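Read off the chains here:
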Amino acid sequence: MSSTGFRRTFVAIGVCSSLALVATACGSSGDESADGKTRITVNCEPPKSAKVDRTFFEEDIASFEKQNPDIDVVAHDAFPCQDPKTFDAKLAGGQMEDVFYTYFTDVKHVVDINQAADLSPYVKELKSYETIQQQLRDIYTVDGKIYGIPRTGYSMGLIYNRKLFEKAGLDPDKPPATWEEVRADAKKIAALGGGTVGYADYSAQNQGGWHFTAELYSQGGDVVSEDGKKASVDTPEGHAVLQNLRDMRWTDNSMGTKQLLILNDVQQMMGSGKLGMYLSAPDNIPILVKEKGGNYDDLAIAPMPGGQATLVGGDGYMFNKKDTPEQIRAGLKWLDHMFLTPGSGFLGDYARAKKNDAPVGLPEPRLFAGAADAKDQQIKKANANVPVANYQSFLDGNQQLQMKIEPPNAQQIYSVLDGVVSAVLTKKDADIDQLLKDASGKIDSILARS
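Residues numbered from 1 in each chain as written. Predicted model: local features only at pLDDT ≥ 70, side-chain atom pairs only at ≥ 80, totals over all residues. Heavy atoms only, no water.

Novice: Go over the overall build of the protein chain with me, naming the residues and quoting the values.
Specialist: The secondary structure content of the protein chain amounts to 18 helices and 12 strands. On C-alpha atoms alone, the protein chain measures out to a radius of gyration of 22 Å, which is about the 22 Å that the 2.2 N^0.38 rule sets for 450 residues. Along the first, second and third principal axes, the C-alpha set of the protein chain runs to 70 × 50 × 40 Å. By the burial criterion, 58% of the 450 residues in the protein chain qualify as buried. Contacts in the protein chain between residues far apart in sequence, at least 24 positions, make up 77% of those at least 6 positions apart. The averaged location of the 60 negative side-chain charges in the protein chain is 3 Å from the averaged location of its 48 positive side-chain charges. (Helix = DSSP H or I, 4+ residues; strand = E, 2+ residues; numbered from the N terminus. Rg over C-alpha atoms; globule rule 2.2 N^0.38 Å. Buried < 20%, exposed > 50% of the residue type's maximum accessible area, 1.4 Å probe, protein only. Contact = heavy atoms within 4.5 Å. Lys, Arg positive; Asp, Glu negative; His and termini not counted. Charge placed at Lys NZ, Arg CZ, Asp CG, Glu CD.)

Novice: Got a sec to walk through the environment of Lys258? Specific residues and values, please.
Specialist: Tracing the sequence through the fold places Lys258 in the loop between α9 (236-251) and α10 (263-271). With relative accessibility at 57%, the residue Lys258 sits in the exposed group. For the pair formed by Lys258 and Thr426, sequence separation is 168 residues and the distance between their alpha carbons is 8.8 Å.

Novice: Quick one: what's the story with the pairing of strand β6 (residues 148-155), residue by residue and with numbers?
Specialist: Each regular strand shows side chains that alternate between the opposite faces of the sheet. Counting buried positions along β6 yields 8 of 8 residues, so the element is predominantly enclosed. Alignment of β6 against strand β11 (residues 309-319), held across 7 bridges, turns out to be antiparallel. The residue bridging Ile149 from the neighbouring strand is Tyr317, located in β11. (Pairing = 2+ DSSP bridges.)

Novice: Tell me what's going on with the state of the cysteines, and back it up with residues and numbers.
Specialist: Per the stated rule, a full pass over the model turns up 1 disulfide. Covalent S-S linkage joins Cys44 and Cys81, the inter-sulfur distance amounting to 1.8 Å. Torsion about the S-S bond of the Cys44 and Cys81 cystine: about 65°, corresponding to right-handed handedness. Within this pair, whereas Cys44 is found in strand β1 (residues 38-45), its partner Cys81 is found in the loop between β2 (71-77) and α3 (87-92), the two being separated by 37 residues in sequence. (Disulfide = S-S within 2.5 Å.)

Novice: How would you sum up the packing of helix α7 (residues 179-190) against α9? Please name residues and give values.
Specialist: Relative orientation of the contacting elements α7 and α9 amounts to 10°, with a least axis distance of 11 Å. Classified by the interaxial angle, the pair formed by α7 and α9 is roughly parallel. Note on element contacts: α9 touches α7 through Asn244, Asp247, Met248 and Thr251, opposite Trp179, Val182, Arg183 and Ala186. When the residues that make up the contact of α7 with α9 are grouped by side-chain class, the tally is 4 nonpolar, 2 polar and 2 charged. (Axes fitted to C-alpha atoms, helices over the stretch in contact; angles between N-to-C directions. Parallel < 35°, antiparallel > 145°, perpendicular 65-115°, else oblique. Nonpolar A, V, L, I, M, F, W, Y, C, P; charged D, E, K, R; others polar.)

Novice: How would you summarise the sheet that holds strand β8 (residues 197-199) if you had to cite specific residues and measurements?
Specialist: Strand order in the open sheet made by the 4 strands is β8-β9-β7-β10, with mixed pairing throughout. Each of the sheet's edge strands pairs with one partner strand only, and the pair in question is β8 and β10 (299-303). In this sheet, adjacent strand axes meet at a mean angle of 25° when their direction is disregarded. Where α7 meets the sheet, its contacts fall on β7 (157-161), β8 and β9 (275-280), and the angle it forms with β8 comes to roughly 175°.

Novice: A description of the confidence of the model for the protein chain should follow, citing residues and the corresponding values.
Specialist: Summary statistics for the protein chain give a mean pLDDT of 91 and a share of 92% for residues scoring 70 or more. Under a pLDDT of 50 for its full length, residues 4-29 has, in the predicted model, 109 contacts with residues more than four places off or in other chains. (pLDDT = per-residue confidence, 0-100.)

Novice: Just give me the short version of the pairing of β1, but keep the residues and values in it.
Specialist: For β1, a buried count of 8 out of 8 residues is recorded, marking the element as mostly surrounded by other parts of the structure. Here β1 runs beside β2; their pairing, made up of 6 bridges, is parallel. By the bridge assignment for β2, Ile40 is matched with Val73. This β-α-β element, β1 to helix α2 (residues 51-67) to β2, shows right-handed connectivity. (Right-handed = clockwise from strand over helix to strand, strands pointing away.)

Novice: Which residues make up the packing of helix α8 (residues 207-218) against helix α17 (residues 410-426), and what are the values?
Specialist: One can describe the packing of α8 onto α17 by two numbers: an axis separation of 6 Å at closest approach and a directional angle of 85°. As far as their axial angle goes, α17 and α8 are roughly perpendicular. When α8 is examined against α17, the residues Gln207, Gly208, Gly209, Trp210, Phe212 and Thr213 are found in contact with a partner set consisting of Tyr414, Leu417, Asp418 and Val421. Of the residues in the contact of α8 with α17, the class split is 5 nonpolar, 4 polar and 1 charged.

Novice: For the environment of Gly370, give the residues involved together with the corresponding values.
Specialist: The residue Gly370 is located in helix α15 (residues 370-382) in this model. Between the C-alpha atom of Gly370 and that of Lys292, which follows or precedes it by 78 residues, the distance is 36 Å.

Novice: Any chance you could break down the nonpolar core for me, citing the residues and the numbers?
Specialist: Ranked by size, the top nonpolar core spans 72 residues in total, and within it Tyr199, Phe212, Leu245, Met277 and Ile443 carry the most contacts. Broken down by element, this core gets its largest block of residues, 9 residues, from α17. Counting 51 residues, the second largest nonpolar core, distinct from the first, contains Tyr147, Phe319, Leu347 and Phe368. (Core = buried A, V, L, I, M, F, W, Y, C linked by side-chain atoms within 4.5 Å.)

Novice: Describe the side chain of Asp376, with residues and values.
Specialist: You can see Asp376 is positioned in helix α15. Summary of buried charges: Asp376 has no salt-bridge partner, and the nearest side chain of opposite charge, Lys380, is 5.0 Å away. A polar contact of 2.9 Å, which involves the side chain of Asp376, links it to the side chain of Tyr350. Leave out the neighbours within four places in its chain, and Asp376 touches Pro342, Gly343, Tyr350 and Phe368. (Salt bridge = Lys/Arg side-chain N within 4 Å of Asp/Glu carboxyl O. Polar contact = N/O pair within 3.5 Å; in protein donor to acceptor, adjacent residues only side chain to side chain.)

Novice: Quick one: what's the story with the side chain of Ser155, residue by residue and with numbers?
Specialist: Along the chain, Ser155 turns up in strand β6. Polar side-chain contacts of Ser155 include one of 2.6 Å to the side chain of Glu364. Looking at Ser155, its side chain comes within polar contact range of the side chain of Asn398, at 2.8 Å. Leaving out residues up to four positions away in the same chain, Ser155 has contacts with Ser280, Ala281, Pro282, Thr310, Leu311, Val312, Glu364, Phe394, Asn398 and Met403.

In structure tokens, the structure reads:
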């Protein structure tokens, strides 16, 4: 699944969302404009309702076109950036933009249906390419060929309320590092009473399956086998995830009585100061403050408990298979300017963001490596307007974790695992062994059909 916020003040941004729009409105329509310039259509422009981000995006396109007078950029907006209901139809119908937004989990599918341009011959012209983290570049590389460029990346961690930790006699500078510690801390926080919940988890709308996957990764397990052909949930690690949830829910009573929660429910609980911990990415933090009543000083994030791995996600851009070489070169230049230069552009101009009261200093997205990362982090730190010390353990801990993307057929698999998690959290006598056995069979069937 995608992370829960886009960046700063905006939750999600989009593309042409209706197939009623004709190809000339949304898709590739030739590589030259009337004045002889190379013309590219791009998507994921913030909608007009997101005034600050829309202004930034337009400013950056204008500055790019000024620096590259031979390129004409036509941006499309809608909500969300990628609509799963229309994505494949746009590709098949020739309506996709020349440079189009994708989640990490889309890459192999787009390549398999032969709708992506091979960027391998051109990527040497992308100045920033070698500065991007290798593990993110690898996501857009299929069978040795490069089909896209990552733009952002996120990883899951443990968001927690420092104030509730202090009230419960816990050290907010030493968040739990194991699931045993999560359980113990959740019990102490719940004991504060007054409707306080120690730990909350999703268990509906596929979000429960998403979090089960993250928790399984954290304990060294996996959802599918290495070859992607068989389920791997009916394992000691899978059992441990469910047993821990059952113990917190029914033995400790630290997860509260209300279950079948989704993202918004848990964010409301955390923002109102009634929740101790939940799993999410750092981009949840400004949402908790700006939309749910939280306070930056009270909110912190730690690495995934368990010490093994964390679920990562993110997005990037791929190129329409119909693009001309000139359009590909123009698109790569545009990506460099907009997103891939440390400390500048739409995502990296921290001084501009701070001036517009957008949060600066969150630990992600962390796109670059080496000297480029150091420069980006230095500029971010210089403009920080949030308590960066609250995120240091997340930054430090992530260095030791394996980064794992979502499984193939993620949404179908999450739907199966939703039922497993919800059963454990709503039925005291749920049979964990049987639940995992049944889920394994259903996942095997999904994989066999793909």
